[in-house]
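Observations on the three-dimensional arrangement
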Amino acid sequence: MALALQYLLNALQLGSVYALIALGYSMVYGILTMINFAHGDIFMVGAYLAMWAACFLLGLNLTFPAMFVFLGALLFSMTLTAVLGVAIERLAYRPLRQAPRVSAVITALGVGLFLENFTLATIGPEPRQIPAIIPVQQLSWAGISFTNIQILIIIVAIGLMLLLDWVVRHTMTGMAMRAISYDCQVAPLMGVPVNRVISLTFAIGSAIAGAGGLLYGLAYPVLDPYMGIRIGWWAFISAVVGGIGNIRGAMLGGFLLGAVEIFTPVLLASSTYRDCVAFSMLLILLVFKPTGILGRPTFEKV
Amino acid sequence: MCLVWLVFSLICCGCSTRTEPEVRLGINAELTGSKPTVGDSCKKAAEYLAAQINQGGGLKVGNKALPVRLFIEDNEDKAESAAAAAQKLINQNNVLAIIGPNASGNAIPAARICEDNGVIMISPWSTNPKTTEGKKFIFRACFIDDFQGQVMAKFARQKLRVGTAAVLYDVASEYNKGIAEFFKKFFEADGGKVVAFASYTTGDKDFSSQLTTIKATNPQLLFLPNYYNEVPLQVKQARNQGLIGDIIGSDSWGSQELLKLGGQELEGAYFSTHYAPDLASPRAQKFISEYETCYGKKPDDVAALTYDAGLLLCQAIIQAGSLDRGKVRDALAQITEYEGVTGRMTFRGSGDPIKSAVILQIRDGQFKYFATVQP
């Protein structure tokens, strides 16, 4: 029993990071029906930005409380990744908005490659370490071992998700986003500023990926320029499994994929089949429910 | 001084129209990818050696002294790029011999290309038996994983006196997989029991699932035959999961990066490697101090092994007195004893040297000599 709970806690930690990144995929798809494959690399940039901010704040030697350094790094990373997301949309995707959708997807892959290689060229290929912003405390309860970091990650991730869910459902901006995603041709006629809302969507999605970068960096403190690729794919599957375009679906998908990653090696006694299981799940799901678990079917309007 | 050598060798490389013969050596190194420190050490040690030879007037081949010219290729730490880099060095640069790749996953495919083309390849750091197995033109400067697995199994049983061990290894990498299997074989032959044998895939950062499974079997020892960029994460997560036993590893740990990324959790861990700077011979000490003044850091095992591989090759070229690949290969195969900076090597007809291993311990954030194990 304790063992099962231990696995579940591990899955929750990993799943919350996947869910944060899956949100960005889902939001952009919901509003532009485009898959932003550069999103995993925005997450990577977020992790590096958080590392800089943390190194800077800790380097000042002013004995800030740990929480202050954490929040400082979080805000710094979220702000700059938001700017990065908006810039990418402005420079790479907006000029192609009327082009066939495949052009935008290929551009997104190109932007991802650019971010990876730019980081490689400027920072170098050596793995970097996020400093221990918060001293690790080992806790144990009912036979389960966990750390304060794990709990922090899960709380911050779930907090951000609830906040986003509230923004989308209960604010004017959220309503505008939903309007564009419902019908992007009629929405501007109703006075919705389409470009501004799209920029905002990229800003929010990227900021959340930046937060994901910091949380991931705290849990797995070795950063490299290619770290975004694998996580990006897993988050993308999470978004599709949950129902791409649907925010609650992305969260559900993230936790589901976290569970697949943790439980496959347990049940099959080898981690070799993990990716195989995850991608098979995606295929089977798409055969039976092409819109994902929480996705609604769309109808071609005549 | 060293800079002068480097500039000198760069000028030599700069003129492409030269017609005089030269000794063309290829370097196939992991300059980018997940083990950039390995490639960097390999490149620096090779450049140091070439500069040293050229400074001394060149390499004596027959009755002429020829300059050494290096062609450095990045294999991106990928099997297919390692093979492509070998192809390029052979076909475009027409090299006499290739030093590298270092990681076994890259060295094995590159070795196949070199063997097929009849080009000598010496891997400084690839310890998997498959690299040289059944090949005529492939050599290495390090011991092999059978021996390393045996050394660590013996060390765990006899020095640390543990009865149960768990292994976590990268199933997608030839090196990690090979050494994990040899460790298991020898540990169990010695009366121990491997209670958990868990795997992951290159690039994974979360090992919590495997470590939870391992913790449930309550092992006295954890063996992590994995690369320096992954070990710190594994050790941290193992400690966070409440695993308290000894942790040991293999020569893939031997990079200063490990200490930078590892921190407090690595204190007290042991690993086997090729040489210990603490007990270097006078010749090795000269190499260590000159390398340090040149590049501002101590040579790691890859740098020392690359230097040895290069010297071994140069000796074979001098003995062959020719730049013919077949003749140099035969001369190399005839070397039976060689005293390098990483210790004495004995060759018995195969491309694999027989040499001793050292066990280092991480103490006070540094690699400290612990024991030597003879073959």
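Note that this is a predicted model, so its numbers are computed, not measured.

Points about the overall build of chain B
Regarding its fold elements, chain B presents twelve helices and 17 strands. Here the C-alpha radius of gyration of chain B, 21 Å, is about what a compact globule of 375 residues would show, namely 21 Å. Dimensions of chain B, computed from the C-alpha atoms along their principal axes, are close to 65 × 40 × 35 Å. Expressed as a percentage of its 375 residues, the buried residues of chain B come to 61%. For chain B, the share of sequence-separated contacts (at least 6 apart) that also reach a separation of at least 24 residues comes to 68%. Roughly 13800 Å² of accessible area belongs to chain B as shown, and the carbon and sulfur atoms make up 51% of that amount. Of note, chain B has its 40 positive side-chain charges centred 3 Å away from the centre of its 40 negative side-chain charges.

Considerations on the overall build of chain A
Scanning chain A for helices and strands turns up ten helices and four strands. Reading chain A from its N end, one meets helices and strands in the order α-α-α-α-β-β-β-α-α-α-β-α-α-α. Rg of the C-alpha trace for chain A: 19 Å, near the compact-globule value of 19 Å for 302 residues, within the 12% margin. Overall size of chain A, expressed as C-alpha extent along the three principal axes, is 60 × 45 × 40 Å. Out of the 302 residues belonging to chain A, those deemed buried represent 54%. Restricting to contacts in chain A with at least 6 residues of sequence separation, those with at least 24 account for 77%.

Details of the packing of helix 9 (residues 247–268) of chain A against helix 10 (residues 274–288) of chain A
Residue and element names in this part refer to chain A. In the contact formed by helix 9 and helix 10, the axes pass within 9 Å of each other and the chain directions differ by 130°. In terms of orientation, helix 9 and helix 10 fall into the oblique class. Crossing geometry of helix 9 relative to helix 10 is assigned as right-handed. On the side of helix 9, the interface is formed by Leu 256, Leu 257, Val 260, Glu 261, Thr 264 and Leu 268, while helix 10 contributes Arg 274, Val 277, Ala 278 and Met 281. Of the residues in the contact of helix 9 with helix 10, the class split is seven nonpolar, one polar and two charged.

Quick notes on the confidence of the model for chain B
Detail in the predicted coordinates should be disregarded across regions flagged by low pLDDT. Taken residue by residue, chain B gives an average pLDDT of 89. The fraction at 70 or more is 95%. Per the prediction output, this complex has pTM 0.83; the corresponding ipTM is 0.83.

As for the sheet that holds strand 1 (residues 23–29) of chain B
All names here are of chain B. Taken in spatial order, the five strands of this open sheet run 4-1-5-6-7, and their pairing is parallel. One side of each edge strand has no neighbouring strand; the edge strands of this open sheet are strand 4 (68–74) and strand 7 (138–140). The sheet shows a mean angle of 25° between the axes of neighbouring strands, taken without regard to direction. By the bridge criterion, three bridges tie strand 1 to strand 5 (residues 97–99) in an arrangement that is parallel. In the strand pairing of strand 5, Ile 27 is matched with Ile 99. In this fold helix 2 (residues 36–55) packs onto strand 1 and strand 4, with an angle of close to 170° to the strand it touches most, strand 4. On the sheet, helix 11 (residues 301–320) packs against strand 1, strand 5 and strand 6 (120–123) and is oriented at approximately 165° with respect to strand 5.

With respect to the UniProt feature "transmembrane region" (unreviewed entry) in chain A
On the UniProt side, "transmembrane region" (unreviewed entry) is annotated at positions that read residues 12–35, 42–60, 66–88, 100–121, 141–168, 197–219, 231–247 and 277–295 of chain A here. The span residues 100–121 of chain A carries 95% helix and 0% strand; its end-to-end C-alpha distance comes to 32 Å.

Considerations on the sheet that holds strand 13 (residues 337–340) of chain B
All names here are of chain B. Spatially, three strands are ordered 13-14-15 in an open sheet, and the strand pairing comes out antiparallel. A single partner strand is all that each edge strand has here, and the edge strands are strand 13 and strand 15 (353–354). Note that strand 13 and strand 14 (residues 343–347) share four bridges and pair antiparallel. Counted as the bridge partner of Tyr 338 is Met 345 from strand 14. Helix-sheet contacts for helix 11 involve strand 13 and strand 14, and the interaxial angle to strand 13 is about 135°.

Digging into helix 5 (residues 145–159) of chain B
Residues and elements named next belong to chain B. The terminal C-alpha atoms of helix 5 lie 20 Å apart, and with 15 residues this matches the ideal 21 Å at 1.5 Å per residue to within 8%. Lining the buried residues of helix 5 we find helix 6 (174–189), strand 10 (221–224), strand 11 (246–249), strand 12 (270–273), strand 16 (357–363) and strand 17 (366–373). Backbone geometry just after helix 5 places Arg 161 at a positive phi near 55°.

Some details on the interface of chain B and chain A
Opposite the 29 residues of chain B that make contact, chain A presents 28 residues. Across the interface of chain B and chain A, roughly 2300 Å² is buried in total on both sides, 52% from carbon and sulfur atoms. If you sort the residues of chain B by the area they bury against chain A, Lys205(B), Asp206(B) and Asn240(B) come out on top, with a joint share of 24%. For the interface between chain B and chain A, the tally reads three salt bridges.

Conventions we followed
Residues numbered from 1 in each chain as written. Chains lettered and ligands numbered in written order. Predicted model: local features only at pLDDT ≥ 70, side-chain atom pairs only at ≥ 80, totals over all residues. Heavy atoms only, no water. Helix = DSSP H or I, 4+ residues; strand = E, 2+ residues; numbered from the N terminus. Rg over C-alpha atoms; globule rule 2.2 N^0.38 Å. Buried < 20%, exposed > 50% of the residue type's maximum accessible area, 1.4 Å probe, protein only. Contact = heavy atoms within 4.5 Å. Areas by Shrake-Rupley, 256 points an atom, 1.4 Å probe, with all protein chains shown as cover. Lys, Arg positive; Asp, Glu negative; His and termini not counted. Charge placed at Lys NZ, Arg CZ, Asp CG, Glu CD. Axes fitted to C-alpha atoms, helices over the stretch in contact; angles between N-to-C directions. Parallel < 35°, antiparallel > 145°, perpendicular 65-115°, else oblique. Left-handed = near helix turned anticlockwise from the far one by under 90°. Nonpolar A, V, L, I, M, F, W, Y, C, P; charged D, E, K, R; others polar. pLDDT = per-residue confidence, 0-100. Pairing = 2+ DSSP bridges. UniProt positions renumbered as here; feature names shortened; annotations may be inferred. Expected span 1.5 Å × (residues − 1). Buried area = accessible area lost by both parts, 1.4 Å probe. Salt bridge = Lys/Arg side-chain N within 4 Å of Asp/Glu carboxyl O.

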